[in-house]
Amino acid sequence: MVTRTVDLRSDTVTKPTEAMRAAMASADVDDDVLSGDPTAQRFEEEVARIMGKEAAVFVPSGTMGNLISVLVHCEVRGSEVILGDDSHIHIYENGGISSIGGVHPRTVKNNPDGTMDIDRIEAAIRHPDGALYYPTTRLICLENTHANCGGRCITAEYTDRVGKLARKHGLKLHIDGARIFNASAALGVPVHRLVQAADSVSVCLSKGLGAPVGSVIVGTKDFITKARRLRKTLGGGMRQIGVLCAAAYVALQDNVVKLEDDHRKAKIFADGLKEIKQLSVDASSVETNMVFFNINESSMISSISLCEALEKFGVLAMPASSTSVRVVIHYQISESDVHYALTSIKQAIQEILAVGTTK
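Residues numbered from 1 in each chain as written. Predicted model: local features only at pLDDT ≥ 70, side-chain atom pairs only at ≥ 80, totals over all residues. Heavy atoms only, no water.

Looking up the protein in an unreviewed UniProt entry gives the name low-specificity L-threonine aldolase, with the organism given as Musa troglodytarum. The UniProt entry for the protein carries this comment under Cofactor (unreviewed entry): "pyridoxal 5'-phosphate". The UniProt entry for the protein carries this comment under Sequence similarities (unreviewed entry): "Belongs to the threonine aldolase family." (UniProt positions renumbered as here; feature names shortened; annotations may be inferred.)

Engineer: So what exactly am I meant to see when it comes to the pairing of strand β8 (residues 215-219) here?
Structural biologist: The buried fraction of β8 amounts to five of the five residues, a majority that puts the element mostly inside the structure. The two faces of β8 match: Ser215, Ile217 and Gly219 on one face and Val216 and Val218 on the other face are all buried. Both strand β2 (residues 55-59) and β8 contribute to a ladder of five bridges, which runs antiparallel. Each residue of the ladder has a partner; that of Val59, found in β8, is Ser215. Relative to β8, strand β7 (residues 200-204) is paired through five bridges, and the arrangement is antiparallel. Bridged to Ser202 within β8 is Ile217. (Buried < 20%, exposed > 50% of the residue type's maximum accessible area, 1.4 Å probe, protein only. Helix = DSSP H or I, 4+ residues; strand = E, 2+ residues; numbered from the N terminus. Pairing = 2+ DSSP bridges.)

Engineer: What am I meant to see in the sheet that holds strand β5 (residues 136-143) here?
Structural biologist: Strand pairing in a sheet is mediated by backbone hydrogen bonds. Such pairs are either parallel or antiparallel. Spatial ordering of the open sheet is given by β2-β8-β7-β6-β5-β3-β4, a layout of seven strands whose pairing is mixed. At either end of the open sheet lies a strand with only one pairing partner, and these are β2 and β4 (104-108). Put simply, the sheet's adjacent strands are angled 20° from each other on average, direction ignored. The strands touched by helix α2 (residues 38-51) are β2, β7 and β8; relative to β2, the strand with the most contacts, the crossing angle is about 125°. Packing against the sheet, helix α3 (residues 62-73) makes contact with β2, β5, β6 (172-177), β7 and β8, and its axis sits at approximately 180° to β6. (Axes fitted to C-alpha atoms, helices over the stretch in contact; angles between N-to-C directions. Contact = heavy atoms within 4.5 Å.)

Engineer: I tried to follow the UniProt feature "modified residue: N6-(pyridoxal phosphate)lysine" (unreviewed entry) in the protein on my own but got confused; where do I start?
Structural biologist: Annotation from UniProt places "modified residue: N6-(pyridoxal phosphate)lysine" (unreviewed entry) at Lys207. By secondary structure assignment, the location of Lys207 is in the loop between β7 and β8. If sequence neighbours within four positions are ignored, Lys207 has contacts with Asp11, Thr12, Ala178 and Arg179.

Engineer: I keep staring at helix α7 (residues 156-168) and nothing clicks. Help me out?
Structural biologist: With 13 residues, α7 ought to run about 18 Å at 1.5 Å a step, and its terminal C-alpha atoms sit 18 Å apart, in line with that. Residues of α7 that are buried include every one of Ala156, Tyr158, Thr159, Val162, Gly163, Leu165 and Ala166, and no others. Residues of α7 that are buried in the fold lie against α6 (118-124), β5, β6 and α9 (191-194). With its phi angle positive at about 70°, Gly170 sits one or two positions after the end of α7. (Expected span 1.5 Å × (residues − 1).)

Engineer: What is the right way to read the environment of Val281 from this model?
Structural biologist: In this structure, Val281 sits in the loop between β9 (279-280) and β10 (290-295). Considered as a pair, Val281 and Phe293 are 12 residues apart in the sequence and their alpha carbons are 4.7 Å apart. Here Val281 is in contact with Ala270, Leu273, Lys274, Val291, Phe292 and Phe293, once residues within four sequence places are set aside.

Engineer: Help me understand the sheet that holds strand β13 (residues 324-328) in this model?
Structural biologist: Strand order in this open sheet of four strands is β9-β10-β13-β12, and the pairing throughout is antiparallel. Because the sheet does not close on itself, it has two edges, and the strands there are β9 and β12 (318-321). By the bridge criterion, three bridges tie β12 to β13 in an arrangement that is antiparallel. Looking at β13, one finds that Met318 is bridged to Arg326. Across the face of the sheet, helix α12 (residues 259-273) comes into contact with β9, β10 and β13 while running at roughly 10° to β10. Taken strand by strand, helix α13 (residues 303-311) contacts β10, β12 and β13, and its axis lies near 170° from that of β12.

Right, here's the structure in full:
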């Protein structure tokens, strides 16, 4: 009987700490829609300060944060946004910018490091002479860290170049900063510097930072005023949200300093995977808390069968494709958990292969 669980599916699986629960229980709250929640207001002001922006608004999820941001920048239906072909907004957010906002996505190929070639971005911008035929480009979106590219970090210098390009063409720049604090920790660059060129940023609180719920959008005061109204339109106007913001405040204070250790443990995990002959991993690409590894075709093992076998050991992981698996390290995963998971992977593979040879 398995008595140990090591949940590596995502950094969204963390449980609230006792400090978070205590802060939630004692939070000073009010109706955030009617008159403003005092804890939420203080938290939003603090996040805006840290991010180097004028204002902020708390939203229930990163998906809503990105959707609101795109819709504020693309107020006219039929607008177009340029974004990576492997970006979270394009792949995993239910096509909301199109189905709800009438915004057309124009994708540019993501490089393995999560960037897009600057010249390809510029080539994707619609020329005004084609306004009769084409959507109007109004926005460029980046993602930092880039999840589908393995949690790779986008540098401030690259973001500056994209921001300069956006300004040259009269466009806005939005950053999906779901794990922007991970990027800051890995690069050793203050988070406000990483987003200096951006007009808006969505910051997830429930991923690397480990809060139970929520994201924050930051931008100018005018942008946030419009964002707050759209939050209400989309059903995200909540009442005593200080209960949630109190927990997020604790996460911001206590867990940012733990991110470097998460990255260290991810590298230990990647190095351990290299010792398993049926697997392959590019350890040099592990920059933050995400590890993607491939199952060698010759092993005849699928990612689904491996993840199912791992469940018997209490290790939870997520198939990324038919032949690759994603694991995500967070602050509630110990180094002991990492070594246990590696041992479990070896044992699971041997069990799968043993069953295969008896058939």
